[in-house]
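# Chain and residue survey
What follows is each chain in one-letter form.
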Amino acid sequence: MTATLYLIRHGETAFNRDGKGLGRSDEPLTETGEAQARLTGAAFAGVALDRILVSPLSRAMRVAEAVRSHSGSSVEVRESLVEMDVGLTEGAAYADTAARFPEFMRQWAGAGAADANFPGGESLRDVAERVRPLAGEFRELAGGSALAVVSHNFVLRSLLCVLLDAPLENFRSFQVDLASVTTVTVRNGRVAVSRLNDTCHLDSLNLGDTARSV
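Since this is a predicted model, take the numbers as computed values, not measurements.

According to the stated counting rule, one finds 14 salt bridges in the structure shown. In this structure, a network of salt bridges that share partners links the residues R51, E76, R78 and E137.

Below you can see the structure in the form of structure tokens.
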């Protein structure tokens, strides 16, 4: 039998909306983000989940609680699902980060992005190593089980690379929009993506590209 893993990104915060760097700062959801959380939760009505694993940050917790309210499953906080530490770029606009840290930005834009340490923070490689044990757990899921994981942009992209044994440098190949759901199946340790970056449940918000974050 096949196990199912739902990878869910949190909803919109003011930092996402305004194009500011967002890592460990515990920014609350905006009104739009709250609506995204409610709709994401409703999308899981009738879905039998064994557990919901979630980042400790409140923007992810809000979505996890919305999913729990419809699925009835338990919520388990996992510290390894916290967003990448973006260090001194936290809360900074892209132009400000580019002006202050030009060498970092050159590396981040190039082939070595996965190993580019955010000034005073982590690299994507750090994130991948921290979620690797969790990926191992997912590969061992029993057939018929179903888990939801509520986390963040860089964490979910890194997790997908690790699960699929894809080079981490390919992280930009996966688009993970705000409040999106990516469905992964596991069968005999083999992982496949059956649905990527699904935001159909948000159609009633009619947000288009404003529901996305760089």
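Moving on, we get to the pairing of strand β6 (residues 190-198). Bridge analysis of strand β5 (residues 181-187) against β6 gives 6 bridges, and the strand direction is antiparallel. Each residue of the ladder has a partner; that of V184, found in β6, is V193. In this structure, the hairpin formed by β5 and β6 is closed by a connection of 2 residues, where N188 is found at a positive phi of approximately 55°.

With that out of the way, let us pick up helix α3 (residues 58-71). At 3.6 residues per turn, the α-helix brings residues three or four places apart onto the same side. Given a rise of 1.5 Å per residue, 14 residues ought to cover 20 Å, and the 19 Å separating the end C-alpha atoms of α3 matches this to within 8%. For α3, the full list of buried residues reads R59, A60, V63, A64, A66, V67 and S71. Relative to the axis of α3, the buried residues are bounded by an arc of 155° and lie together on one face. Two residues or fewer past α3, G72 is found with a positive phi of approximately 75°.

Let's shift gears to the pairing of strand β2 (residues 51-54). With 4 bridges joining them, β2 and strand β3 (residues 74-77) adopt parallel strand pairing. Among the inter-strand pairings, R51 is bridged to a residue of β3, identified as S74. Sheet topology places β2 next to strand β4 (residues 146-151); 4 bridges connect them, and they run parallel. By the bridge assignment, I52 is partnered in β4 with A148.

The next thing to look at is unusual backbone geometry. Of note in this structure, D165 is not a glycine but carries a positive phi near 55°. Within the secondary structure layout, D165 lies in the loop between α7 (153-163) and β5. The exposure class assigned to D165 is exposed, which follows from its relative accessible area of 65%. In this model, N197 sits at a positive phi of 55°, which is unusual for a non-glycine residue. The residue N197 is located in strand β6 in this model.

Rules used throughout
Residues numbered from 1 in each chain as written. Predicted model: local features only at pLDDT ≥ 70, side-chain atom pairs only at ≥ 80, totals over all residues. Heavy atoms only, no water. Salt bridge = Lys/Arg side-chain N within 4 Å of Asp/Glu carboxyl O. Pairing = 2+ DSSP bridges. Helix = DSSP H or I, 4+ residues; strand = E, 2+ residues; numbered from the N terminus. Expected span 1.5 Å × (residues − 1). Buried < 20%, exposed > 50% of the residue type's maximum accessible area, 1.4 Å probe, protein only. Arc of directions from axis to C-beta.

Don't take any of this as a statement about function, it's just geometry.
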